Each structure stands twice: as C-alpha cells, then as structure tokens.
Amino acid sequence: MITLYGYPHSRSLRAAWTLEELGVEYRCQHVALDKGEGRSEAHLARHPEGKVPVLEDGDLVLFESVAICRYLAERYGNAPLLPDSAEGRAEVDQWLCFVTTELEQPLWNHAKHTFALPEEHRVAAVIPTCAWEFARALKALERRYQGQTYLVGEHFTLADLFLAHTLSWAKSMKYRLPETLEHYMTAQLERPAMARAVAQEKAAAEKAGSEPTG
Ligand SMILES: N[C@@H](CCC(=O)N[C@@H](CS)C(=O)NCC(=O)O)C(=O)O
C-alpha cells in the first residue's frame, strides 16, 4: 500500500490530487508540522529536511512534489496525466519547472519571510520584491496561456495540476490573478479528484488529533 506523508493545504496536496486522479489506493499519514513532528527522527529518515510531501511505495521513499507526482504518473498512468509523446512530456516538464522555480518561488519567499522562517531570519523588506517577481512570472505565463482549457494538448496533465495548485496558493495569499487565469484555476480545482484529495488530508489530520490549519 502506498503511504503519502502530508499536511493539509501544503504541497502534499499535489501528491494526494495526483493519486486521486490516477485512482490509486493509498493511505494519508498526517505529519504534524505545527507540533514539530517533521523534525522527529522517524520523519527525518524519510525526508532529509523534515518536510512534506513524502511518498512510500514499497521500498521506494521519495521526497519533492515534482518527483513524486512525475513518478506516480509514469508508474500508474492508467488515467494519463502525462502525454504519450516525448515532446508532450517535455512540455509538461517545462511547465513543472516553470511553476516550481519561477511562479512558486516568490510566493514561497513571501510566506517564508512572513511566517515560515524563524522570526530572527525574516526580512520584511523583501515582500515588495516577492510581489514584483510574482507579477513578472504571471506576465510570462500570460504570454503563453491564451485561455485554452489545458496547458499542454487536449487533456488535463500534471502541468495543470501544479499550476492550479500554485495559483490557488497565490489567491490564498491575496495575490490578484488575471481573469482568464482565475477561470482556468477554478475549472481545474473543481475536478472531483481535487475535492477527494482535500478530504483525505483533512481526515488524516483529524485522525491524528491535530487541528488542520489554513
Ligand atoms: N520543494 C519541496 C518543498 C517542500 C516544502 O517546503 N514543504 C513544506 C510544506 S508546503 C514543509 O514541509 N514545511 C515544513 C518545514 O519547512 O519544516 C516540494 O515541492 O516538495
């Protein structure tokens, strides 16, 4: 049985959403990051930084959301989240890199310097730069995204899953999105697999007796 170690509303949702899209059986294991469980010896053995997501599939223990979702889509791709052609997969990878290195980073920096880093390491002065960098990445995205249903080809792929998740993260941080991207994001987030993934992570947190945040 596959185990996904996660925390509600974090990047582990990308992995839970992927598992739900693929219809793969799995178990969600809540890691109480808010209570320091990420730093436990057991969790540090799974993830060298004590973060989530982590995926266990037999002897394979994987961290990094892109690697996890890419693996799941390759290994259990009965509902294809990756195109058949090498060219199509390369385009999906292009967007996965863009989303996680260009679009997500200013959001993550904003979050780190607002609440995620220890207080003594936060620098409030970087926040306007984060907003500027996010707006620049969004403009780049808009130059390519022209209102089509999906980013790559005619089907929902991992590129859409990562982009929608990251745009919703931006929304939760009160960033404004252009109307076309707002519609795009809403359509992807309405997929039933997304709702099931949220419910799984919430249930795991409740089972662990922890209060889900955010
Ligand atoms: N690049 C990693 C980022 C993982 C990450 O930063 N996860 C956050 C939750 S979204 C975490 O576990 N934070 C706990 C910590 O920093 O100790 C990925 O995409 O998986």
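It should be emphasised that the depicted structure is a prediction, and the values quoted were computed from it without experimental measurement.

## A short note on the site of the ligand
- Neighbouring residues of the ligand: Ser10, Arg11, Leu33, Gly38, Gly50, Lys51, Val52, Pro53, Glu64 and Ser65.
- Across the shell around the ligand, the residue classes tally to 3 nonpolar, 4 polar and 3 charged.

## Re unusual backbone geometry
- Geometrically, the link from Val52 to Pro53 is a cis peptide bond, its omega value of 5 degrees lying close to zero.
- In this fold, Pro53 is placed in the loop between α2 (41–46) and β3 (54–57).
- Despite not being glycine, Glu64 shows a phi value in the positive range, around 80 degrees.
- With respect to the element layout, Glu64 can be found in the loop between β4 (60–63) and α3 (65–75).
- For Glu64, a count of 16 C-beta atoms within 10 Å gives the class partly exposed.
- The phi dihedral of Lys174 falls on the positive side, at around 70 degrees, and the residue is not glycine.
- Mapped onto the fold, Lys174 is located in the loop between α6 (158–172) and α7 (179–189).

Cut-offs used in this document
Residues numbered from 1 in each chain as written. Predicted model: local features only at pLDDT ≥ 70, side-chain atom pairs only at ≥ 80, totals over all residues. Near = placed C-beta within 6 Å. Nonpolar A, V, L, I, M, F, W, Y, C, P; charged D, E, K, R; others polar. Helix = DSSP H or I, 4+ residues; strand = E, 2+ residues; numbered from the N terminus. Buried ≥ 20, exposed ≤ 12 C-beta atoms within 10 Å, placed from the backbone.

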